[in-house]
Amino acid sequence: MIYRYFILCVAASALLLGIQAPNLLTQYQQRLAAQYAEAMVYYRDYQTIADTHFDGDMQALIRAHQTSDEAAFRDEAPIIEKLVVRVNAFEQQLQLQQQSYPNQLWALVWQHDEELLTGTMEQYSFNVPLTQQAIATGALIALAIVVLIDFIWLVLKRLFRRRGDEPGYRANHRF
């Protein structure tokens, strides 16, 4: 009986956690869009310089800064390179978020940008969005966790039952 109450509590918790998934995804996407837009403000300026002097090749612009006689330009090369890498990473994340909802969730869990997810989690605001996606996600997560717990419980029960059925086991072990 206590086991069933435990399962109900786990299922309810998993349901509430699962209902938060679309909200977390939305907040992650908003943070991604904001940081991408901010990075693009500076990127476009460097891209204009690269378009004017290096036929649009940002790597050539970076190399020119790296090999410059001016220390200030040499010091700026890693900054530009970091910006290019950051913009490319944001564009990759944006592409992952253009997929179907399950694939977006998968990308959020397994292919997220660590800095973006950490920032999202630090600033996360809990909501109870009762949309079809939220309810379906919560129900599926709850069902998956309950089935997993039941499966583990069944395996453990059978494992210990077999061990208890061995001859001489009960005589040597008191419960």
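Note: the structure precedes this text.
The rules behind the values
- Residues numbered from 1 in each chain as written.
- Predicted model: local features only at pLDDT ≥ 70, side-chain atom pairs only at ≥ 80, totals over all residues.
- Heavy atoms only, no water.
- Axes fitted to C-alpha atoms, helices over the stretch in contact; angles between N-to-C directions.
- Helix = DSSP H or I, 4+ residues; strand = E, 2+ residues; numbered from the N terminus.
- Parallel < 35°, antiparallel > 145°, perpendicular 65-115°, else oblique.
- Left-handed = near helix turned anticlockwise from the far one by under 90°.
- Contact = heavy atoms within 4.5 Å.
- Phe/Tyr/Trp six-rings, centres within 6.5 Å; stacked < 30°, edge-to-face > 60°.
- Buried < 20%, exposed > 50% of the residue type's maximum accessible area, 1.4 Å probe, protein only.
- Polar contact = N/O pair within 3.5 Å; in protein donor to acceptor, adjacent residues only side chain to side chain.
- Salt bridge = Lys/Arg side-chain N within 4 Å of Asp/Glu carboxyl O.

Draft legend 1. Structural view of the packing of helix α2 (residues 21–53) against helix α6 (residues 114–122). Between α2 and α6, whose axes approach to 9 Å, the crossing angle comes to 120°. Our classification of the angle between α2 and α6 gives oblique. Considering only the axes of α2 and α6, their crossing is right-handed. Taking contact as the criterion, the partners of Leu24, Gln27, Tyr28, Arg31, Leu32 and Gln35 in α2 are, on α6, Glu115, Leu116, Leu117, Gly119, Thr120 and Met121.

Draft legend 2. Quick look at unusual backbone geometry. Phi is positive for aspartate 55, which is not a glycine, with a value near 50°. Mapped onto the secondary structure, aspartate 55 falls in the loop between α2 and α3 (58–66).

Draft legend 3. A look at the packing of aromatic side chains. In the structure shown here, the tally under the stated rule is two aromatic pairs. Summarising the aromatic geometry, the rings of tryptophan 106 and tryptophan 110 are spaced 5.8 Å apart at their centres and angled 50° between planes, so their arrangement reads as tilted. You can see tryptophan 106 and its partner tryptophan 110 sitting in helix α5 (residues 101–110), four residues apart, about one turn around the helix. The pair formed by tryptophan 106 and tryptophan 110 is uniform in burial state, with each residue classed as exposed. Ring plane angle 90° and centroid distance 4.8 Å describe the contact between tyrosine 124 and phenylalanine 126, whose orientation is recorded as edge-to-face. The class of phenylalanine 126 is exposed, set by a relative accessible area of 66%.

Draft legend 4. How the structure looks around the environment of glutamine 29. Here glutamine 29 is to be found in helix α2. Residues contacting glutamine 29, with those up to four places away along its chain left out, are Gln97 and Gln104. Separated by 3.1 Å, the side chains of glutamine 29 and glutamine 104 make a polar contact.

Draft legend 5. Highlighting the pattern of salt bridges. Counted according to the given criterion, the structure contains two salt bridges. In this structure, the salt-bridge partner of aspartate 57 is arginine 63, at a minimum N-O distance of 3.8 Å. Exposure remark for arginine 63: the relative accessible area of 44% places this residue in the partly exposed category. With its nearest N and O atoms 3.2 Å apart, the salt bridge here joins arginine 86 to glutamate 115. Of this pair, arginine 86 sits in helix α4 (residues 71–96) while glutamate 115 sits in helix α6; the two residues are 29 residues apart in sequence, bridging distant segments of the chain.

As far as function goes, none of this settles anything; it's purely spatial.
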